[in-house]
Amino acid sequence: MKLKVCGMKYQENIAEVASLKPDYLGFIFYEKSARFVQSETPLISNKIKKTGVFVNASHGYIREQIETHKLEAVQLHGEETPEFCKELTKLNVEIIKVFSIKNTFDFGVLAPYETVCDYFLFDTKGALPGGNGMVFNWEILKGYPSTKPYFLSGGIGLEQLENIEAFKNSEIAKYCYALDVNSKFEVEAGLKNIEKLKEFKSQL
């Protein structure tokens, strides 16, 4: 499984996390987030996909951030429509569409997005669009009807390593492409604990 570290904010910390060689680094372009990126993002290895996270942003705003920050992937955390996603496919970036899960989930909502995004991302439904630090019941994914690869997100930290191992060895993980981590590795919003991330990545 690949690894995405999301919610990067501080220049020096970004460089430190990038040195661990995750597959994706996420930058949040949502003003209401404590991890909102308000400055330039540094150049990072071209082996790491720079990902912009957006919540109901306009097409123009997303395009502008792709150009300014040299983004290679776009993660959509709002109520973006399939039509909106289709328009973004013209910008030559990976499209990751997020769906939030609590106790149940209607997988039927995925169907219109099958042809207009590259990946799904399943996160825990909470008060915020992301970064709530809560894990949903992964057993719900037994009902996953698609073959599209997905990111698994929501409160993933060191304490989940045993559960992740069991998950990886189960049929549920067949189409799990990557793990997405954020708040469980933070010293404060946007500032990641390098040692914890290093341990997590080595254990994976």
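The coordinates are above.
Residues numbered from 1 in each chain as written. Predicted model: local features only at pLDDT ≥ 70, side-chain atom pairs only at ≥ 80, totals over all residues. Heavy atoms only, no water.

**Considering the pairing of strand β2 (residues 24–28)**
For a regular strand, the rule is simple: side chains alternate between the two faces of the sheet. For β2, the buried fraction is high: five of the five residues fall into the buried class. Neither face of β2 is open: one carries Tyr-24, Gly-26 and Ile-28, the other Leu-25 and Phe-27, and all of them are buried. Relative to β2, strand β1 (residues 2–5) runs parallel, the two being bridged by two bridges. Its bridge partner lying in β2, Val-5 is registered against Leu-25. In the sheet, β2 pairs with strand β3 (residues 49–54) via five bridges, with the strands oriented parallel. Pairing of Leu-25 across the sheet is with Lys-50, part of β3. (Buried < 20%, exposed > 50% of the residue type's maximum accessible area, 1.4 Å probe, protein only. Helix = DSSP H or I, 4+ residues; strand = E, 2+ residues; numbered from the N terminus. Pairing = 2+ DSSP bridges.)

**Thoughts on the packing of aromatic side chains**
The tally for this structure, following the rule as stated, stands at 20 aromatic pairs. Taking 6.4 Å as the distance between ring centres and 50 degrees as the angle between the ring planes, the aromatic pair formed by Phe-120 and Phe-122 counts as tilted. In this pair, the class of Phe-120 matches that of Phe-122, namely buried. The interplanar angle of 65 degrees and the centroid separation of 5.6 Å between the aromatic rings of Phe-151 and Tyr-177 together place this pair among those described as edge-to-face. (Phe/Tyr/Trp six-rings, centres within 6.5 Å; stacked < 30°, edge-to-face > 60°.)

**So, the environment of Tyr-30**
Its location among the elements puts Tyr-30 in the loop between β2 and β3. The partly exposed category is assigned to Tyr-30, whose relative accessible area is 21%. As a C-alpha pair, Tyr-30 and His-77 span 47 residues in sequence and 9.8 Å in three-dimensional space.

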